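What follows is the residue order along each chain.
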Amino acid sequence: MASTAPAFVHTLPAPFAPVPLADADSLPPHPVPELITQGAEALVYRTHFLTTSTLCALKYRPKKSYRHPTLDARLTKGRILAEARVLVRCRKEGLAVPAVMGADWEAGWLATEWIDGQTIRAYLDDYLHGIDDANVVAEQQEELMELMARVGESVGKMHEIGIVHGDLTTSNLMLRPKNKSGRESSAYTNRDLEGDVVIIDFGLAVQSIQDEDKAVDLYVLERAFGSTHPQAENLFPEVLRAYGESHKGAKVVLKRLEDVRLRGRKKSMLG
Ligand SMILES: Nc1ncnc2c1ncn2[C@@H]1O[C@H](COP(=O)(O)OP(=O)(O)O)[C@@H](O)[C@H]1O
Ligand SMILES: [Mg+2]
């Protein structure tokens, strides 16, 4: 075991595992994968694929020892293939999602194009930090509304092609800025909100043409806005407005959303 590398790296399968120490001298330097998030099902790393200049997001689903090995292998394969298929489908239809680079369902990984940007959640958090500064609010309000409109358009386009995301949150929506200054800077006033909205994390996505499923997708996003960004409640109506304009049939989904909300409220009253 290489004593210099962090322990978690060793859980990664080849070709993402660090080079064994014996070969280290004869091979080019191998950057260590950087752990981005650790969810219940998957670990996401920022690393590279095939060449050191090709960045990728590596979603690794380690074996679950609490599940029967045959079942575990089947679930892992199903999820990786389902996510890859939906990503390929979305790209073919012109929706901005990460490109699939490679997958190995036996080893448990899916490698996709690295999106050089931040989650919408991070942008909103920053915006809300700056919200007591009246100048910042006035300057950025318009840009932010435009960003919300682009979110609505993207989600609309996804629904139009018959994909329901299943876990629409502001962490699963990213902004790829037009000019690349965004990532390093943390000062809100340096934010550039121009760029493409990129939808990620299709692990729970399904193909559906049902208005109900699409309305639930929107409801989940609305709840995500409300719970993680309560001060930003004026923003979500703009997402819905743009969604309504995005495709034929969107207005029907918005109508359906009203029913879903009512049911949600009744359910929460019943406890
Ligand atoms: N292609 C990507 N480019 C850049 N960052 C990504 C990419 N995929 C995932 N991430 C980052 O990793 C986080 C978790 O990835 P995600 O696919 O949403 O997995 P999970 O199922 O654990 O939520 C995202 O919220 C985002 O910050
Ligand atoms: Mg996610």
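The name an unreviewed UniProt entry gives the protein chain is EKC/KEOPS complex subunit BUD32, with Trichodelitschia bisporula as the organism. Turning to the protein chain, the UniProt record has this under Sequence similarities (unreviewed entry): "Belongs to the protein kinase superfamily. BUD32 family."

With that out of the way, let us pick up the overall build of the protein chain. Helix and strand counts for the protein chain come out as six helices and ten strands. Within the protein chain, the proportion of its 271 residues that are buried is 44%. Sequence-distant contacts, at least 24 apart, represent 66% of the contacts inside the protein chain between residues at least 6 apart. Total accessible area on the protein chain stands at roughly 14600 Å², and carbon and sulfur atoms take up 55% of it.

Another point: the site of ligand 1. For ligand 1, the set of nearby residues contains 16 residues, the closest of which are Glu113, Ile115, Ser171, Asn172 and Asp201. Glutamate 113 places a main-chain nitrogen or oxygen 2.9 Å from a nitrogen atom of ligand 1. Here a nitrogen atom of ligand 1 sits 2.8 Å away from a polar atom, N or O, in the main chain of isoleucine 115. Coverage of ligand 1 by the protein chains reaches 82% of its 540 Å² of free accessible surface. Taken together, the elements giving at least two residues each to the shell around ligand 1 come down to strand 1 (34–38), strand 3 (55–60) and strand 5 (109–113). Each of domain 1 (7–113) and domain 2 (118–270) gives at least three residues to the shell around ligand 1.

Once that is clear, we can look at the pattern of salt bridges. By the definition in use, this model includes 19 salt bridges. We note a salt bridge from arginine 91 to glutamate 113, for which the minimum N-O separation is 3.5 Å. Residue arginine 91 is found in helix 1 (residues 69–92), and its partner glutamate 113 is found in strand 5; the two are separated by 22 residues along the sequence. Judged by relative accessible area, which is 44%, arginine 91 ranks as partly exposed.

Relative to the helices and strands, threonine 119 is located in strand 6 (residues 118–119). Leaving out residues up to four positions away in the same chain, threonine 119 has contacts with Thr170, Ser171, Leu173 and Met174.

Below, the discussion takes up the packing of aromatic side chains. If you walk through the whole model with that rule in mind, you get four aromatic pairs. Their ring planes at 20 degrees and their centres at 5.9 Å tell us that phenylalanine 16 and phenylalanine 49 sit as a pair that is stacked. One end of the pair, phenylalanine 16, is in the segment before strand 1; the other, phenylalanine 49, is in the loop between strand 2 (43–48) and strand 3, with 33 residues separating them in the sequence. Taken as a pair, phenylalanine 16 and phenylalanine 49 share a single burial class, namely buried.

Here we come to the sheet that holds strand 4 (residues 100–104). Taken in spatial order, the five strands line up as 1-2-3-5-4 in an open sheet, and their pairing is antiparallel. Every interior strand has two partners, whereas the edge strands, strand 1 and strand 4, have only one. Across the sheet, the mean angle from the axis of one strand to that of its neighbour is 20 degrees, orientation sign disregarded. Of the strand pairs in this sheet, strand 4 and strand 5 are connected by four bridges, and their pairing is antiparallel. Of the residues in strand 5, the one forming a bridge with valine 100 is threonine 112.

Our next topic: the environment of valine 198. When you line up the elements, valine 198 lands in strand 9 (residues 195–199). Residue valine 198 is classed as buried on the basis of its relative accessible area of 0%. Note: C-alpha distance between valine 198 and leucine 173 (25 residues apart in sequence) is 5.9 Å.

This part covers the sheet that holds strand 6. In space, the three strands of this open sheet follow the order 6-8-9, with antiparallel pairing throughout. Whereas interior strands pair on both sides, the edge strands pair on one side only; in this sheet they are strand 6 and strand 9. Relative to strand 8 (residues 173–177), strand 6 is paired through two bridges, and the arrangement is antiparallel. When the bridges of strand 8 are listed, glutamine 118 appears paired with leucine 175.

Cut-offs applied
- Residues numbered from 1 in each chain as written.
- Chains lettered and ligands numbered in written order.
- Predicted model: local features only at pLDDT ≥ 70, side-chain atom pairs only at ≥ 80, totals over all residues.
- Heavy atoms only, no water.
- UniProt positions renumbered as here; feature names shortened; annotations may be inferred.
- Helix = DSSP H or I, 4+ residues; strand = E, 2+ residues; numbered from the N terminus.
- Buried < 20%, exposed > 50% of the residue type's maximum accessible area, 1.4 Å probe, protein only.
- Contact = heavy atoms within 4.5 Å.
- Areas by Shrake-Rupley, 256 points an atom, 1.4 Å probe, with all protein chains shown as cover.
- Near = heavy atom within 4 Å.
- Polar contact = N/O pair within 3.5 Å; in protein donor to acceptor, adjacent residues only side chain to side chain.
- Domains from an automatic or database assignment.
- Salt bridge = Lys/Arg side-chain N within 4 Å of Asp/Glu carboxyl O.
- Phe/Tyr/Trp six-rings, centres within 6.5 Å; stacked < 30°, edge-to-face > 60°.
- Pairing = 2+ DSSP bridges.
- Axes fitted to C-alpha atoms, helices over the stretch in contact; angles between N-to-C directions.

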